[in-house]
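Below are the chains, spelled out letter by letter.
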Amino acid sequence: MEDLGSVAWPPEPIRTERLLLRESEARDRAVFVELLASSEAHTYLGGARPRAELEQEVPAIPARWPGAFVVELDGVMIGHILLRRTTATGHSRPAAVGKADLGYLFLPRVWGFGYAAEACAAALDWLAGVLPGEPVVLTTQTANARSMRLAAKLGFAEVERFEAWDAEQWLGMRPPAVPVVPSGHPYGGGPE
């Protein structure tokens, strides 16, 4: 995976109805460790990592690179969203190569409240603003019903299914947003 190229980073924090998406800070380190050590959050991601190992490896300011958003609720980190460009070495599926890839991880205690959908939609809107016409891919295990529902809600459509890591995987793509042509414009709409 690579960063998103010429995108100015960090952007101004993104506010949604309930959340704030922002760049990582030192105060987020403990939540990153909690996320990476959570067996529940990593059920479909190959399993949790040992907390002691993470305490040694997670940097003072984790995940500080273009496309990495901390998701905050009421001043506290609850999740992480990552938008990175997929490379041939970073993904086994040719349909994903060269496209932006959406990844997300939220604390299990905040599941079921729509925070992931709200935050991912905001991150995708941001991406559409800075890289217009950019298609986005998302990969998840088909057994991960929550992630499959979120992908559908965000507008991802199945490209293919494949076997990896001893499980069936789903690759979806969200086509680039089509610009709205105003009424009365020579290429669209009629007279007002």
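Right, let's walk through the structure included here.

The rules behind each value
Residues numbered from 1 in each chain as written. Predicted model: local features only at pLDDT ≥ 70, side-chain atom pairs only at ≥ 80, totals over all residues. Heavy atoms only, no water. Salt bridge = Lys/Arg side-chain N within 4 Å of Asp/Glu carboxyl O. Helix = DSSP H or I, 4+ residues; strand = E, 2+ residues; numbered from the N terminus. Buried < 20%, exposed > 50% of the residue type's maximum accessible area, 1.4 Å probe, protein only. Core = buried A, V, L, I, M, F, W, Y, C linked by side-chain atoms within 4.5 Å. Contact = heavy atoms within 4.5 Å. Phe/Tyr/Trp six-rings, centres within 6.5 Å; stacked < 30°, edge-to-face > 60°. Pairing = 2+ DSSP bridges. Polar contact = N/O pair within 3.5 Å; in protein donor to acceptor, adjacent residues only side chain to side chain.

Time to look at the pattern of salt bridges. Applying the stated criterion across every chain yields a total of 15 salt bridges. For the salt bridge of arginine 18 with glutamate 118, the shortest nitrogen-to-oxygen distance reads 2.7 Å. With arginine 18 in the loop between strand 1 (14-15) and strand 2 (19-22) and glutamate 118 in helix 3 (residues 115-130), this pair connects stretches of sequence that are 100 residues apart. Judged by relative accessible area, glutamate 118 falls into the buried class, the value being 16%. Arginine 49 is the partner of glutamate 57 in a salt bridge, and the nearest nitrogen-oxygen pair spans 2.3 Å. One network of salt bridges, with partners in common, ties together Arg22, Glu25, Arg27, Asp28 and Glu72.

So, on to the nonpolar core. Membership of the largest hydrophobic core comes to 48 residues, with the highest contact counts inside it found for Leu21, Phe69, Ile81, Leu83, Leu102, Trp126 and Phe156. Mapped onto this core, the elements with two or more residues apiece are strand 2, helix 1 (29-37), strand 3 (68-73), strand 4 (76-85), strand 5 (100-106), helix 3, strand 6 (136-141) and helix 4 (145-153). For this core, the element with the most residues is helix 3, which contributes nine residues. Aside from chain neighbours lying at most four places away, what touches leucine 102 is Ile81, Leu82, Leu83, Cys120, Leu124, Val136, Val137, Leu138, Leu154 and Phe156. If you look at the next biggest cluster of nonpolar residues, it comprises five residues, including Ala96, Val137, Ala164 and Leu171.

Turning our attention to helix 1. Residues Arg29, Val31, Phe32, Val33, Leu35 and Ala37 constitute the buried set of helix 1. Tucked into the core, helix 1 has its buried residues touching helix 2 (51-57), strand 3, strand 4 and strand 5.

How two aromatic rings sit relative to each other is given by the distance of their centres and the angle of their planes. Following the criterion strictly, the structure yields four aromatic pairs and no others. Pairing phenylalanine 69 with tryptophan 126 gives two aromatic rings, centres 5.2 Å apart and planes at 80 degrees, and the pair type is edge-to-face. Pair noted here: phenylalanine 69 is in strand 3 and tryptophan 126 is in helix 3, with a separation of 57 residues, a long-range link. What links up through ring pairs into an aromatic cluster is the set Trp9, Phe69 and Trp126.

Below, the discussion takes up the pairing of strand 5. Counting buried residues along strand 5, five of its seven residues qualify, which places the element largely inside the surrounding structure. Pairing of strand 4 with strand 5 involves seven bridges; the strand directions are antiparallel. Within the sheet, the bridge partner assigned to arginine 85 lies in strand 5 and is alanine 100. Sheet analysis places strand 5 next to strand 6, joined by two bridges and oriented parallel. Note that in strand 6 the partner of aspartate 101 across the bridge is valine 137.

This brings us to the environment of glutamate 25. Mapped onto the elements, glutamate 25 comes out in the loop between strand 2 and helix 1. Residues glutamate 25 and isoleucine 61, 36 residues apart in the sequence, show an inter-C-alpha distance of 5.4 Å. Once residues lying within four places of it in the same chain are set aside, the contact partners of glutamate 25 are Ile61 and Pro62. Side chain to side chain, glutamate 25 and arginine 27 meet in a polar contact 2.6 Å long.

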